[in-house]
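As a plain string of letters, each chain reads:
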Amino acid sequence: MFKLTFLFIISFTLGVRSISNDWWRDAVIYQVYPRSLKDSNGDGIGDLNGITSKLEHIKDIGADALWLSPIYSSPQVDFGYDISNFTDIDPQYGTLADFAKLIKRAKELKLKVLLDFVPNHSSDQHPWFKNSIQKIKPYDDYFIWRDAKMVNGIRQPPNNWLSIFKGSAWEWNEQRGQYYYHQFAVAQPDLNYRNSALKQAMSDVLTFWMDRGVEGFRVDAILHLFEDEQLRDEPKNDASNVPADEYASLTHIYTRDLDETYVIARAWRKLLDDYATKHQTDAKFMIVEALTTPTIMKKYYDSGCNPFNFMFVGDFNLTSKAVDFKRGIDRWLDNVPEGNVSNWVTDNHDNHRTGTRFGEKKSDMITMLSLTLPGITVIYYGDEIGMVDKNITYEETVDVAGCNLGPDRYYLASRDPERTPFQWDTTTSAGFSTNSKTWLPVHENYKTLNLAAQKLAAISHYKVFKAMAKIKKNLSVLKGGEVEVRLITENILGVVRRLETSSPVALLINMGTGDESVDAHTWLNIPEELIIYTASVGSQIQPNTKVNTSALRLPGSSSLFLATKSQIDSLDTKTKPSFATVSSFANAPLILIILVIVNYIVT
């Protein structure tokens, strides 16, 4: 009877698959800019096989998922955001077979793969657009075409709408005899989501990639999906120093965040949910790129999407004070609807790197903060080693946004400085490529700032990041505790996480340049004796140092994380195999399962 019961339990366990509906709630997501992570074939351009070869690093630092910026077929006018085939891989990056290898290896490492879904526009080289020019159905209405406005016999665009990349957002097409709308580059015509066939075609794109193992999507530029049907001119704003042909000269009330956007977002959320239910997979994640006010933020959450929180990227800089951070963090947390989860973006491919925005001494501050606050942490490749922007000359500039502004103003818009190759070691091209010429030049500081050196150093950005990711994932107080953001002094910010069943933990940040001593015990209501689990590079503070929190000294521009000795010791204890680990046998070959059972019966 015992053997039969045990056999039944084994058979039942092997046949059950663990499904997670909220795996992302405290996830660390690592953004990969495919051109810049690792070049596997020596052409100076990063590729899929290069990314696959570095998945162990992404797992090592504590990431749960990697988000790939566009890898689709593209003329590369906007480096992949101008897509000529939504369901194939650009030859510069590899093939669908290479993508399958990446997915396979990621699953072996228990890493989720997220893709950049670019729904607002395609490339002008996409077959859909070429057919639309010729008015071939159903593609004739896949894009936004409008007749010219004639003024004194002179052809002019339909209205005053401007492109983000400068100039009119309308481009005349002689063959069709109409203007087409492009919110971005001329080579990126906007898709028409008021056309039902187009909507279905883009939904099919999502399904195509989910069929190939993709676990979710970052939705690019979702705020631009719809425009005013009446084509009303947008009002000028009061930015007197901005040229009239630049995007910032207008207030964009007719080309952003129209109500129909949230209807589409809700439909995509349902598509992802239905797919996961039908195929019995973990829930599919969707995070959207939108510039959010509290009202707009709530609309995206209500649509089932997680809107990116760009607070650390756009709202703060080197001159920001502790009170600015407190107000911003509180405001965001207060507006996240109940039952939803926040996210904290440290960097991305469109903005200057953290170490450049805040200064190298504070580059750990933002990653430590994002890993202490509740919710999702989204980091950009290189954040984990403190990479900084490289000075790119106009002659070296390849970004369309910079090129369009010309040699005198290119640096105001170019995104090349934050997209340079990852710095792995001190070999040729920082270990990114065997080729000394890379698509963007490697930062000259790679001889001292690289991953290999930081792995060997006693204290490094890499070790700080890895330590913070580890504690985020393993302490219950960080996974489910309440959060308090306190202003201790004019310069010192405290973030405390509390849980009834656990001792609190705290992050303290000195945003000033001078040393300060504080009574964190009283101000934060934390134990008087704690251990410094980790501290920012340059703080001169050794990890695992016992401190009296009632008389705590914080060096200028430093951050330190405090926990109890038992909490820190618990990170090194072995964890028991989870049910998900046991249930993974469900995917084992049938013959293996039979052999396990037979072996037990025989013995």
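### Section: the sheet that holds strand β12 (residues 285-288)
Within the open sheet, the 8 strands sit side by side as β13-β12-β11-β5-β2-β1-β15-β14. Their pairing is parallel. At either margin of the open sheet sits one strand with a lone partner, and together these are β13 (306-307) and β14 (343-345). Here β14 pairs with strand β15 (residues 376-380) via 3 bridges, running parallel. Pairing of W344 across the sheet is with T377, part of β15.

### Some thoughts on the pairing of strand β5 (residues 112-117)
Counting buried residues in β5 gives 6 out of 6 residues, a clear majority hidden from the surface. The alternating pattern of β5 places K112, L114 and D116 on one face and V113, L115 and F117 on the opposite face, and all of these are buried. Pairing geometry for strand β2 (residues 65-68) and β5, over 4 bridges, is parallel. Looking at the pairing, L66 lines up with V113 of β5. Note that β5 and strand β11 (residues 216-219) share 4 bridges and pair parallel. Across the sheet, the residue bridging to F117 is V219, located in β11.

### A short note on empty space enclosed by the protein
In the structure shown here, the tally under the stated rule is 1 cavity of 30 Å³ or more. Taken as a whole, the largest cavity spans an internal volume of roughly 80 Å³. Contributing to the lining of the largest cavity are 13 residues, with S363, T367, D383, E384 and G386 lying nearest its centre. Secondary structure elements with two or more residues in the lining of the largest cavity: α12 (354-357), α13 (363-372) and α16 (461-474). Classifying every residue of the lining of the largest cavity gives 3 nonpolar, 7 polar and 3 charged.

### Here we look at the confidence of the model for the chain
For the chain, mean pLDDT is 91; residues scoring 70 or higher make up 92% of the total. Per-residue pLDDT stays below 50 along residues 1-17; that stretch engages in 20 contacts with residues further than four places along the chain or on separate chains. Segment residues 574-603 is flagged for pLDDT under 50; beyond a separation of four residues in sequence, or across chains, it makes 21 contacts in the model.

Here is what the cut-offs are and how they apply
Residues numbered from 1 in each chain as written. Predicted model: local features only at pLDDT ≥ 70, side-chain atom pairs only at ≥ 80, totals over all residues. Heavy atoms only, no water. Pairing = 2+ DSSP bridges. Helix = DSSP H or I, 4+ residues; strand = E, 2+ residues; numbered from the N terminus. Buried < 20%, exposed > 50% of the residue type's maximum accessible area, 1.4 Å probe, protein only. 1 Å grid on protein atoms, 1.4 Å probe; cavity = no way out; pocket = protein on both sides within 12 Å on 5 of 7 lines; lining within 4 Å. Points joined across faces, edges and corners; volume = space filled by probe spheres on them. Nonpolar A, V, L, I, M, F, W, Y, C, P; charged D, E, K, R; others polar. pLDDT = per-residue confidence, 0-100. Contact = heavy atoms within 4.5 Å.

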